[in-house]
Every structure is written in structure tokens, then in C-alpha cells.
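Listed below are the residues making up each chain.
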Amino acid sequence: MKKLLKFLFFVGFAAGVVYVLKQALGGTQPEGAGSGVLPDTPVTPLEDMPLGGEVSPQLLDILVDPEDKGSLQLMDDSKFLLNPRNGYRYPIRNGIPVMLIEEGKKYQDESLIQNGQEQTEASSA
């Protein structure tokens with residue numbers, strides 16, 4: 001009986017290995033998701049997407065600067081999110097905030113930096 005169980009286990013294991021190898025070496029898959037077939041529509045580079053777009057208020061409430069984890073302000077007709085502590089401006093492209101530190105540095109505007117005293121006065125008012 002033990003020999004029969006070992007034999008059946010071995011056959012099942014071997015069948016599994018054969019199946020995995022067949023799939024890895026070009027087994028047939030239906031077209032669609034996960035098939036490795038690229039869509040016919042071209043992908044637009046991030047830099048070519050238009051600035052602006054509507055961002056949900058719930059998302060704006062939870063977004064923070066990826067570098068200092070502080071709050072952000074919407075500016076320039078909803079085209080940028082500003083970190084007033086370092087002047088980093090994160091672009092909003094097609095309604096999607098691009099929250100990469102490199103993008104914030106790229107659009108940094110040092111004239112928009114507020115010092116700590118101004119922030120304290122504004123928050124207490």
C-alpha cells in the first residue's frame with residue numbers, strides 16, 4: 001500500500017513538473033490579460049500629458065510630500081501641489097498627482113518657500 005501511494009505521489013509530482021515546463025517553454029495561452037500581448041494604442045509619455053485635471057478632494061486630503069511627509073497646497077489652477085516648506089511643486093498630469101521627489105525638485109520655485117514663522121501665524125489665524 002505504501003509503495004502504491006509513493007508511486008501515485010511521484011506520478012502527480014511529475015505531471016506538475018511537466019505542466020510547469022510546458023507553460024514556461026511556450027504553452028498556449030489565450031490572448032488578453034497576462035498573455036504578454038501589448039495593446040495597439042500607443043502609451044503617452046508622462047511628460048507629454050497635459051498639466052492639470054480634477055483631483056478628488058479625498059485624495060488631496062491624504063497626499064503628503066514624499067520627502068518631508070508634510071501637507072501640500074493646490075496651486076496654479078490645479079496644475080501643481082506645492083510644499084510651502086521647500087518650494088517643491090509636484091505636477092498634476094491628466095488629474096494624476098506625480099508624487100516623485102525628482103519632479104518636485106524639477107519644478108521647485110524658491111520664491112514660494114514660507115518660513116516657519118509665517119506658517120505659524122497663518123495656522124493660528
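Residues numbered from 1 in each chain as written. Predicted model: local features only at pLDDT ≥ 70, side-chain atom pairs only at ≥ 80, totals over all residues. Heavy atoms only, no water.

Undergrad: Go over the environment of Phe-80, please, and point to the residues and values.
TA: Mapped onto the elements of the fold, Phe-80 is located in strand S2 (residues 80–82). Sequence separation between Phe-80 and Leu-51 is 29 residues, and the spatial gap between their C-alpha atoms is 8.0 Å. Beyond its immediate chain neighbours, meaning those up to four positions away, Phe-80 contacts Leu-51, Gln-73, Leu-74, Met-75, Arg-89, Tyr-90, Pro-91, Ile-92 and Tyr-107. (Helix = DSSP H or I, 4+ residues; strand = E, 2+ residues; numbered from the N terminus. Contact = heavy atoms within 4.5 Å.)

Undergrad: I'd love a proper account of helix H1 (residues 2–24), names of residues and values included.
TA: Taking 1.5 Å as the rise per residue, H1 with 23 residues should run 33 Å; its terminal C-alpha atoms sit 33 Å apart, in good agreement. Buried residues are scarce in H1, accounting for zero of its 23 residues. (Expected span 1.5 Å × (residues − 1). Buried < 20%, exposed > 50% of the residue type's maximum accessible area, 1.4 Å probe, protein only.)

Undergrad: Requested: an account of the sheet that holds S2, with residues and values cited.
TA: Two orientations exist for strands paired in a sheet by backbone hydrogen bonds: parallel and antiparallel. Ordered in space as S1-S2-S3-S4, the four strands form an open sheet in which the pairing is antiparallel. Every interior strand has two partners, whereas the edge strands, strand S1 (73–75) and strand S4 (96–97), have only one. Strand direction decides the pairing type here: S1 and S2, joined by three bridges, are antiparallel. Bridge pairing in S2 places Gln-73 opposite Leu-82. (Pairing = 2+ DSSP bridges.)

Undergrad: Explain the nonpolar core to me, using residue names and the numbers behind them.
TA: Formed by Val-55, Leu-63, Leu-72, Leu-81, Tyr-88, Tyr-90 and Ile-92, the largest nonpolar core amounts to seven residues. In this view, Leu-72 contacts Leu-63, Val-64, Asp-65, Leu-81, Leu-82, Asn-83, Tyr-90 and Met-99; residues no more than four positions away in its chain are not counted. (Core = buried A, V, L, I, M, F, W, Y, C linked by side-chain atoms within 4.5 Å.)

Undergrad: I'd love a proper account of the packing of aromatic side chains, names of residues and values included.
TA: Counted according to the given criterion, the structure contains two aromatic pairs. Both rings, one in Tyr-88 and one in Tyr-90, keep their centres 6.4 Å apart while their planes meet at 75 degrees; by these two values the pair is edge-to-face. For the residue pair Tyr-88 and Tyr-90, the accessibility class agrees, reading buried in each case. (Phe/Tyr/Trp six-rings, centres within 6.5 Å; stacked < 30°, edge-to-face > 60°.)

Undergrad: Any chance you could break down the confidence of the model for the chain for me, citing the residues and the numbers?
TA: Caution applies to low-pLDDT regions: their predicted coordinates should not be interpreted in detail. Of the residues in the chain, 81% have a pLDDT of 70 or more, and the chain-wide mean is 81. Between residues 117–125, whose pLDDT stays under 50, and residues either more than four places distant or in other chains, the model counts three contacts. (pLDDT = per-residue confidence, 0-100.)

Undergrad: Account for the pairing of strand S3 (residues 89–93), naming residues and giving values.
TA: Consecutive side chains along a regular strand alternate between the two faces of the sheet. In terms of burial, S3 is largely enclosed, as five of its five residues are buried. Of the two faces of S3, the one lined by Arg-89, Pro-91 and Arg-93 and the one lined by Tyr-90 and Ile-92 are each fully buried. Of the strand pairs in this sheet, S2 and S3 are connected by three bridges, and their pairing is antiparallel. Residue pairing for S3: Leu-82 is matched across the bridge by Arg-89. Counting the residues between successive antiparallel strands, the hairpin from S2 to S3 contains six residues, one of them, Gly-87, with a positive phi of roughly 80 degrees.

Undergrad: Before we move on, can you summarise the side chain of Arg-89 with the specific residues and values?
TA: Examined against the element boundaries, Arg-89 turns out to sit in strand S3. What makes Arg-89 buried here is its relative accessible area of 15%. At 2.9 Å, the side chain of Arg-89 forms a polar contact with the backbone oxygen of Tyr-107. Setting aside anything within four residues of it in sequence, one finds Arg-89 in contact with Met-75, Asp-76, Phe-80, Leu-81, Leu-82, Glu-103, Gly-104, Tyr-107, Gln-108, Asp-109 and Leu-112. (Polar contact = N/O pair within 3.5 Å; in protein donor to acceptor, adjacent residues only side chain to side chain.)

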